[in-house]
Amino acid sequence: MRRQVLLLLFSLFAIVGFAQQRTVTGTVVSAEDGLPVIGASVHVKGTSQGATTDLDGKYSIKVNENASLTFSYVGMQPKTVQVGNQSVINVTLTSSSTQLDEVVVTAMGIKRESKTLTYSAQTVGGKDLNEIKNVNMINSLQGKSAGLQITPNSTGAGGSSKILFRGNKSISGSNQPLIVVDGVPMMMSVSDSQVKMAYGGERDGGDAMSTINPDDIAQITLLKGASAAALYGAVAANGAIMITTKSAQAGKVAINVSSNTTVESAMSLPKFQNNYGMSDEGTFSWGSKLGATSPNYARKFYQPGYTTNNSISLSGGTENISSYFSYANVSSNGIMPENDYLSHNLMAKVGFNLWKKVHVDVSARYNKQHIENQPSAGYLNNPITGAYLFPRGEDWDYYKSNYEVYDGVRNVNVHNWTNTKQEQFSNPYWMLNRQTPITDRNRYEFGGSVKYDIMEGLSVTGRLRYERGDEKWILNEYASSTAGRNLLGTMKDTRTFSEQTYADALASYNKTWDETYSLSVTAGGSFTKTSASSIELIGWGDKEFKVNNGVITPGAYYPNIFSPKNYYTMQTTETLKEKRLNSVFATAQFGYKEGLFLDVSARNDWSSSLAFTDGVSLSLIHISE
């Protein structure tokens, strides 16, 4: 009897529940043009049940009478509707104005609402850089902005990246945008040595972006064009990347710890012929046909690589004082053997109110990089050349384990390889262990700003930043390197120094009349002094010199002693570059009813490269009521 009652009650609940279910259909359209919204989300509130509109903006979903449907689409305001006894629910979605009200950082660190901008400026949040961290943080922006093209060099961790906004604008000059941190242009690089030709032989001196900890970034604004970055003059003719670093929030103490590891491998390799061996003449020509197919030696050369990013930050403060401190390190082993990269990054920011109307900010940052066996671009000094051109049918494992053999004549170990007649064709493992380039870089930054609020809408700001960088690059090539021409070993020691001092003063005025007219004016001047110097020492062990008795002797006393005193003659090259830039600039924006905006800006530079830049732009915003 009890069982029959339970079955009856279950049936009644099922019938009632089924009776409350209904199929709801409808169409979702846009309020701006009345067109169907394709791919809009239709979600039953409080559940995981949902549907999506088709090409005609139509949907169909089964719901209960007491359910609520939420309609949403990217860039539009979501709308929630109670189902009740309705079987057809048509919805009209309006555009969201949230993006228009977004505050972005523009040239000179001026904050503006995005809706008032008369040029292209896109903002990327710091979280977009940390989903998958990159050694060079700028590479994380690839694919996140229209018209932005980022091409990392093949030189791996610590290498530079090529950045383009809307294509190349110069055939022979630089096409890189200006990098600006907290409103101040950044010293771009320590070393002028960049990869410029496919044949190779040059080293990659890195760039400024690889020294920035992505966890320190709060926001990035991309100013795409000369008009957007006119206040920076000709140096920003290719646009500007505005980086705003994090600061502490008043009344809040936060500790953030982050650790990220990525693993990489060689994605694709050239297709090699594996049927013919090395020619008897010792050239690149093919020899006799092999009895068996040879393995892919290039694939055996590469190894799995990994990169680990660790970061910790501490921030806190009150309405009168705030501070932010962070430390980060990056450790990387590349896919090429013996390629190691290690960096340390320290940052400190403190802000405080000196008086009621005076606010002071000071900051300091230090970055240290150590790189061994950074991959080279091109053919020269590149171990990959030997891995790719290794003759088919030869014993790869033998030359890997025995990349050097003893030479009784010179009493040293020398390069061991299957084909030494080709000068660029060296044993990769000899190059990795006996021709190891080592780079050490240090970068220091100190800055501060003072802002005085004179009255409502009127303020003056002064900023100062000093940056200094140094790099030491050493390449000691053991005897018999470069296809045996190097008799006793060659030393190369390059020291590079650069520094930049930047100062500016700004006066800003903002006023709105009767919620109809608005005026925003900023005027000021700046001073920039940059200098770069280098000294290069080269001791040639493969050249011959006549000593006092007239006997021709190699250029070094002893093999593989990489000290200036070991060489008869040291080649010394010194360079020095200095530049000063004095500038005045002004920008003004006129607004009418928060819908019509006119921008006017101008700048004049006094430098070895004289330039005057200006810009006028107009924008109109129409918002449907």
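1. Some details on the overall build of the protein chain
When its secondary structure is counted, the protein chain shows 6 helices and 34 strands. In the protein chain, which comprises 625 residues, the proportion classed as buried is 43%. A total of about 32,700 Å² of accessible surface is found on the protein chain, and carbon and sulfur atoms cover 55% of it.

2. A look at the sheet that holds strand β3 (residues 50–52)
Taken in spatial order, the 4 strands of this open sheet run β3-β2-β5-β6, and their pairing is antiparallel. The open sheet has two edge strands with one neighbour each: β3 and β6 (79–82). Within this sheet the neighbouring strands show an average axis-to-axis angle of 20 degrees, counted without direction. As paired elements, strand β5 (residues 68–72) and β6 share 4 bridges and run antiparallel to each other. By the bridge assignment for β6, threonine 70 is matched with threonine 80.

3. With respect to the pattern of salt bridges
Pairs may arise between side chains of opposite charge once their charged atoms sit close together. Here the structure, examined in full by the defined rule, presents 12 salt bridges. Linking glutamate 471 and arginine 441 is a salt bridge whose minimum nitrogen-to-oxygen distance equals 2.7 Å. Of this pair, glutamate 471 sits in strand β27 (residues 458–477) while arginine 441 is found in strand β26 (residues 437–455), placing the two residues 30 residues apart along the sequence. By relative accessible area, which is 2% here, glutamate 471 ends up buried. Looking at arginine 441, the relative accessible area reads 6%, which means it is buried. Between aspartate 493 and arginine 495 there is a salt bridge, with the nearest N and O atoms lying 2.8 Å from each other.

4. Re the pairing of β26
Looking at chain direction, strand β23 (residues 358–372) and β26 are connected through 15 bridges and run antiparallel. The residue of β26 that forms the bridge with valine 360 is valine 450. Where β26 lies against β27, 18 bridges are found, and the strand directions are antiparallel. Considered in β27, the bridge of proline 437 is made with leucine 475.

5. Points about the environment of aspartate 605
Structurally, aspartate 605 can be placed in strand β33 (residues 596–606). C-alpha separation for the pair aspartate 605 and phenylalanine 585, spaced 20 residues apart in sequence, amounts to 8.8 Å. Looking at aspartate 605, its side chain comes within polar contact range of the side chain of serine 583, at 2.5 Å. A polar contact of 2.8 Å, which involves the side chain of aspartate 605, links it to the side chain of arginine 603.

6. Comments concerning the sheet that holds strand β1 (residues 21–30)
If you trace the 3 strands from one edge of the open sheet to the other, you get β4-β1-β7, paired in mixed fashion. Two strands lie at the open edges of the sheet, namely β4 (58–64) and β7 (91–93), each paired on one side alone. Mean inter-strand twist for the sheet, computed between neighbouring axes without regard to direction, equals 35 degrees. Two elements, β1 and β7, share 3 bridges in a ladder whose sense is parallel. When the bridges of β7 are listed, valine 28 appears paired with valine 91.

7. As for the side chain of glutamine 369
Tracing the backbone shows glutamine 369 in strand β23. Here glutamine 369 falls in the buried class, since its relative accessible area comes to 1%. Within the structure, the side chain of glutamine 369 is placed 3.5 Å from the side chain of asparagine 367, a separation counted as a polar contact. A distance of 2.8 Å separates a polar atom in the side chain of glutamine 369 from a polar atom in the side chain of arginine 441.

8. Notes on the packing of aromatic side chains
Evaluated as defined, the whole model comprises 17 aromatic pairs. Measuring from centroid to centroid gives 5.6 Å for phenylalanine 301 and tyrosine 302, while their planes differ by 65 degrees, and the two rings are edge-to-face. Assigned by exposure class, phenylalanine 301 and tyrosine 302 land together as buried. Relative to tryptophan 417, the ring of phenylalanine 390 lies with its centre 5.3 Å away and its plane at 40 degrees, an arrangement referred to as tilted. Here phenylalanine 390, found in the loop between α4 (383–389) and α5 (396–401), pairs with tryptophan 417, found in the loop between β25 (412–415) and α6 (428–434); they are 27 residues apart in sequence, far enough to count as distant. With a relative accessible area of 1%, phenylalanine 390 lands in the buried category. For tryptophan 417, a relative accessible area of 7% translates into the label buried. In textbook terms, an aromatic cluster arises when at least three aromatic residues are bridged by ring pairs, as seen for Tyr297, Phe301, Tyr302, Phe390, Trp396, Tyr398, Tyr399, Trp417 and Tyr429. Stacked on the ring of phenylalanine 272, the Lys or Arg arginine 392 has its end atom at 5.1 Å from the ring centre. One cation-aromatic arrangement involves arginine 434 over tyrosine 478; the distance from NZ or CZ to the ring centre is 5.2 Å.

9. Overview of the confidence of the model for the protein chain
Chain-level statistics for the protein chain give a pLDDT mean of 80 and a share of 78% at 70 or above. Element-level pLDDT for the protein chain is lowest in helix α1 (residues 2–20), with a mean of 44, against a maximum mean of 94 in β23. Scored below 50 in pLDDT, residues 1–19 makes 1 contact in the model with residues more than four places away or belonging to other chains. Low pLDDT, under 50, characterises residues 610–614; the predicted model gives this stretch 15 contacts beyond four residues in sequence or across chains.

10. What about unusual backbone geometry?
Look at aspartate 182: it is not a glycine, yet its phi comes out positive at around 50 degrees. If you trace the backbone, aspartate 182 turns up in the loop between β13 (178–181) and β14 (184–185).

11. A word on a nonpolar patch on the surface
A cluster of nonpolar side chains, namely Val253, Ile255, Val257, Ile312, Leu314 and Phe325, defines an oily patch on the protein surface of about 610 Å² accessible area. Topologically, valine 253 is positioned in the loop between β16 (240–245) and β17 (254–264). A relative accessible area of 67% places valine 253 in the exposed class.

12. Some details on the environment of glycine 317
Looking at the secondary structure, you find glycine 317 in strand β20 (residues 305–317). The spatial distance from the C-alpha of glycine 317 to the C-alpha of alanine 254 is 9.8 Å, given a sequence separation of 63 residues. Aside from chain neighbours lying at most four places away, what touches glycine 317 is Gln249, Ala250, Gly251, Lys252 and Ser322.

13. Remarks on the environment of lysine 451
You can see lysine 451 is positioned in strand β26. Classification of lysine 451 as partly exposed rests on a relative accessible area of 38%. Residues lysine 451 and threonine 461, spaced 10 residues apart in sequence, show a C-alpha to C-alpha distance of 4.3 Å. Sequence-distant contacts of lysine 451, that is, excluding residues within four places in its chain, are made with Lys357, Val358, His359, Ser459, Val460 and Thr461.

Thresholds applied
- Residues numbered from 1 in each chain as written.
- Predicted model: local features only at pLDDT ≥ 70, side-chain atom pairs only at ≥ 80, totals over all residues.
- Heavy atoms only, no water.
- Helix = DSSP H or I, 4+ residues; strand = E, 2+ residues; numbered from the N terminus.
- Buried < 20%, exposed > 50% of the residue type's maximum accessible area, 1.4 Å probe, protein only.
- Areas by Shrake-Rupley, 256 points an atom, 1.4 Å probe, with all protein chains shown as cover.
- Pairing = 2+ DSSP bridges.
- Axes fitted to C-alpha atoms, helices over the stretch in contact; angles between N-to-C directions.
- Salt bridge = Lys/Arg side-chain N within 4 Å of Asp/Glu carboxyl O.
- Polar contact = N/O pair within 3.5 Å; in protein donor to acceptor, adjacent residues only side chain to side chain.
- Phe/Tyr/Trp six-rings, centres within 6.5 Å; stacked < 30°, edge-to-face > 60°.
- Lys NZ or Arg CZ within 6 Å of the ring centre and 35° of its normal.
- pLDDT = per-residue confidence, 0-100.
- Contact = heavy atoms within 4.5 Å.
- Patch = residues over 30% accessible without salt bridge, like charges linked within 9 Å, V, L, I, M, F, W, Y side chains within 5 Å.

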